[in-house]
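Descriptive analysis of the structure
If you want the building blocks of each chain, they are given just below.
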Amino acid sequence: MTVVELGLYALLLAVAAAAVWRTPVVALYLFIVGLALHNAVMAALYGAGVRGSTLTVIAAWKEILLAVALLHVVLNALRERRLPFRPWLGDWLALGFAAFVVVYALIPQSALGGLADTHTVALAFRHDIDPVAAYFLGRSLVLRREDLRRLAWTLLGVAAFVAAVGLIDVYTISIGWWRRSAVVDYFHLHLGFDYHGTGEHPAVAGLPENFIYNLGGDKPFLRRLVSTFLSPLASSYLFVVALLVTAAAMRRSAAVIVLSIVTAAGLLWTFTRASLIALAAGMVVLAVIRRRPVGLVAAVLIVAVAFGWAHLFPKVAPTGQWTKADLAYQHARAKAQGSSSGGFTASSTNEPSLRSHWIALRGGVRTVVHHPQGFGLGNAGQTASRTGGKTPVKAGESNYTELGVELGLLGALVWTAWGLVIFVGLAHTGREERWAAGLAAAFAAILVLAIQTDVLGDPWVAYCVWALAGALVLRTQPRERLVAEGRRPLTV
């Protein structure tokens, strides 16, 4: 069976690689669509019996296609003896950050006080370097007007599809089905995550904790939209990016309005309050770039909706019941931590999610300050948590503190500067190009979300957002050269 699976995979991958080699911009479409479906497909394959290295090879399709696209770009540059873009500050910062990643991957962990093994370092290297590679792919592309239109429709269409699937799921598929699905073993046994959400035996492994929203005590929990990403957070990132790009770049039509409403509903049902605040921040950025005060009004309304939704969602959300094992596990943890397992509301000051984010951020900052040289790759965030407790998690939740723990304070500052410079470049281009304005707003929202969560741990963000940013940043700069070469400057 493995031979058949790998043969079919090799055939499909060869077709996709050929298309990317012929037209590298195809990679953007494959990433936007494919990475939105990636987790669901991988979990389904795991449930069908595809395991171990076979599934790992299949899951590497995104890295392979990115490498094919970059190889095509490099060979063209060597043949033409010139770069496909004019270097600027953002490119040098990207190379500087990549240099930090390479150096810290090579420094022995013992010299820095880290405890990550070779496999964990490799996972962290991929986590940190993927957005750099995607960014340079984007920098090498020249997007035509037709490309932008198709990309905008692809982005909004995928977001609406993911939202619709998620909304149908939370109201029609029981949580019991999810507990018995291959998702638990896929995350736990294949990826190595130590989740203890609701499940038959949460002390061993369960669904990811954020699949549901816990109201505390023995109250029924609330179902959150997870959809094909198998994550409310990753789903919400797609929705935020799609809504901001749509608001800036797409003309109003019945189809656009319907797809946007479905996407917005999906965002609400993820019950990810930070993403709603990030969406409001993006609207403020969009209003400033395009000089349209209506965006400020929209931002205020979004903030009001975020606060109101915290009270309304518990009344309209689908609910689920804890198992006896769930309750026993939660009571035991609460007793061990000396905390209360009583109830709370989403807007109360003792809400555990908000408190845990704040504690993690504060602890990460403290660790970076007291150990500014860093611990080396693999000692923070998702990569450390995949080692079954072998590697202590020195910082979590925030990309800024995680990178500070891995690459030292200077490495984190270089990454932060790179992100801010990209944003400024996109904002500059966005004064004339609506697509770039929308992406500048989306990029700002992602940078805001990175304060409290690991956005780079979501491959869709690492590949799609950074590749699109590279493709659009400062594209007004070489306008005259594009016209002279017979290529269209960016317009929508």
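About the criteria used
Residues numbered from 1 in each chain as written. Predicted model: local features only at pLDDT ≥ 70, side-chain atom pairs only at ≥ 80, totals over all residues. Heavy atoms only, no water. Helix = DSSP H or I, 4+ residues; strand = E, 2+ residues; numbered from the N terminus. Rg over C-alpha atoms; globule rule 2.2 N^0.38 Å. Buried < 20%, exposed > 50% of the residue type's maximum accessible area, 1.4 Å probe, protein only. Contact = heavy atoms within 4.5 Å. Areas by Shrake-Rupley, 256 points an atom, 1.4 Å probe, with all protein chains shown as cover. Lys, Arg positive; Asp, Glu negative; His and termini not counted. Charge placed at Lys NZ, Arg CZ, Asp CG, Glu CD. Salt bridge = Lys/Arg side-chain N within 4 Å of Asp/Glu carboxyl O. Core = buried A, V, L, I, M, F, W, Y, C linked by side-chain atoms within 4.5 Å. 1 Å grid on protein atoms, 1.4 Å probe; cavity = no way out; pocket = protein on both sides within 12 Å on 5 of 7 lines; lining within 4 Å. Points joined across faces, edges and corners; volume = space filled by probe spheres on them. Nonpolar A, V, L, I, M, F, W, Y, C, P; charged D, E, K, R; others polar. Pairing = 2+ DSSP bridges. Axes fitted to C-alpha atoms, helices over the stretch in contact; angles between N-to-C directions. Parallel < 35°, antiparallel > 145°, perpendicular 65-115°, else oblique. Left-handed = near helix turned anticlockwise from the far one by under 90°. pLDDT = per-residue confidence, 0-100. Phe/Tyr/Trp six-rings, centres within 6.5 Å; stacked < 30°, edge-to-face > 60°. Lys NZ or Arg CZ within 6 Å of the ring centre and 35° of its normal.

Quick notes on the overall build of the protein
When you go through the protein residue by residue, the secondary structure sums to 21 helices and 3 strands. The C-alpha radius of gyration computed for the protein amounts to 22 Å, which stays within 12% of the reference 23 Å derived for 492 residues, consistent with globular compactness. Referenced to the eigenvectors of the C-alpha coordinate spread, the extents of the protein come out at roughly 70 × 55 × 50 Å. Of all 492 residues assigned to the protein, the portion counted as buried reaches 54%. Across the protein, every contact between residues at least 6 apart in sequence was considered, and the portion connecting residues at least 24 apart equals 76%. Working note: accessible area of the protein is about 21100 Å², and carbon and sulfur atoms make up 68% of it. Each charge class in the protein can be summarised by its mean position, and for the 41 positive and 26 negative side chains these summaries are 7 Å apart.

A word on unusual backbone geometry
With a phi close to 50 degrees, Ser227 is a non-glycine residue in the positive phi region. Inspection of the secondary structure assignment puts Ser227 in the loop between β2 (221-223) and α11 (232-249). At Arg291, a position not held by glycine, the phi torsion is positive, near 55 degrees. Along the chain, Arg291 turns up in the loop between α13 (273-290) and α14 (294-316).

Here we look at the pattern of salt bridges
Scanning the entire structure with this criterion turns up 8 salt bridges. For the salt bridge of Arg144 with Asp147, the shortest nitrogen-to-oxygen distance reads 3.3 Å. One salt-bridge network, held together by shared partners, links Lys62, Glu63 and Arg126.

Let's talk about the nonpolar core
One finds Phe31, Trp418, Trp435, Trp460 and Trp466 to be the most contacted residues of the largest nonpolar core, which totals 152 residues. Ranked by the residues each element gives to this core, the list is headed by helix α19 (residues 434-449), at 13 residues.

Some remarks on the layout of surface pockets
Here the second largest pocket defines a volume of roughly 790 Å³. Around the second largest pocket, the lining is made up of 30 residues, and of these Leu243, Ala247, Met283, Ala298 and Ile302 lie nearest the centre. Elements supplying a minimum of two residues to the lining of the second largest pocket: α11, α12 (254-270), α13 and α14. Taken together, the residues of the lining of the second largest pocket break down into 22 nonpolar, 3 polar and 5 charged.

Description of the sheet that holds β2
Spatially, the 3 strands line up as an open sheet ordered β1-β2-β3, and their pairing is antiparallel. Looking at the sheet topology across the chains shown, the edges are occupied by β1 (212-213) and β3 (319-320). As paired elements, β2 and β3 share 2 bridges and run antiparallel to each other. Paired with Leu222 across the strands is Thr319, a residue of β3.

What to know about the packing of α11 against α13
Contact pair α11 / α13: the axes reach a minimum separation of 10 Å and the direction vectors enclose 20 degrees. Judged by the inter-axis angle, α11 sits roughly parallel to α13. In the crossing of α11 with α13, the sense of the turn from one axis to the other is right-handed. Here Ser236, Tyr237, Val240, Leu243, Leu244, Ala247 and Ala248 of α11 come into contact with α13, specifically with Ser275, Leu279, Gly282, Met283 and Leu286. When the residues that make up the contact of α11 with α13 are grouped by side-chain class, the tally is 9 nonpolar, 3 polar and no charged.

A closer look at the confidence of the model for the protein
Of all residues in the protein, 92% have pLDDT values of 70 or greater, and the mean over the chain is 90. Between the elements of the protein, mean pLDDT differs from a low of 41, seen in helix α21 (residues 479-484), to a high of 98, seen in α12. Confidence drops under a pLDDT of 50 for residues 477-492, and excluding neighbours within four residues, the segment shows 33 contacts in the predicted structure.

A closer look at the packing of aromatic side chains
Considering all chains together, one arrives at 23 aromatic pairs under this definition. Where Phe97 meets Trp418, the ring centres are 6.0 Å apart and the plane angle is 25 degrees; that geometry is what we call stacked. With Phe97 in helix α5 (residues 89-106) and Trp418 in helix α18 (residues 399-430), this residue pair connects regions lying 321 residues apart in the sequence. Under the relative-accessibility criterion, Phe97 is labelled buried at 0%. Aromatic pair Trp269 and Phe313: ring centres 6.4 Å apart, planes at 80 degrees, arrangement edge-to-face. With Trp269 in helix α12 and Phe313 in helix α14, this pair connects stretches of sequence that are 44 residues apart. Like Trp269, the residue Phe313 is buried in the burial classification. Following the ring pairs from residue to residue traces out a cluster consisting of Phe85, Phe97, Tyr135, Phe136, Trp418, Phe443 and Trp466. Over the face of the ring belonging to Tyr46 we find Arg51, whose NZ or CZ atom lies 4.0 Å from the ring centre.

Some words on empty space enclosed by the protein
The full count for this structure, using the stated rule, is 4 cavities of 30 Å³ or more. Taken as a whole, the largest cavity holds about 60 Å³ of empty space. Lining the largest cavity are His127, Asp128, Ala380, Gly381, Gln382, Thr383, Glu402, Leu403, Glu406 and Asp454. Of all the elements in the fold, those that place two or more residues in the lining of the largest cavity are α7 (118-139), α17 (381-385) and α18. Residues of the lining of the largest cavity, tallied by class, amount to 2 nonpolar, 4 polar and 4 charged.

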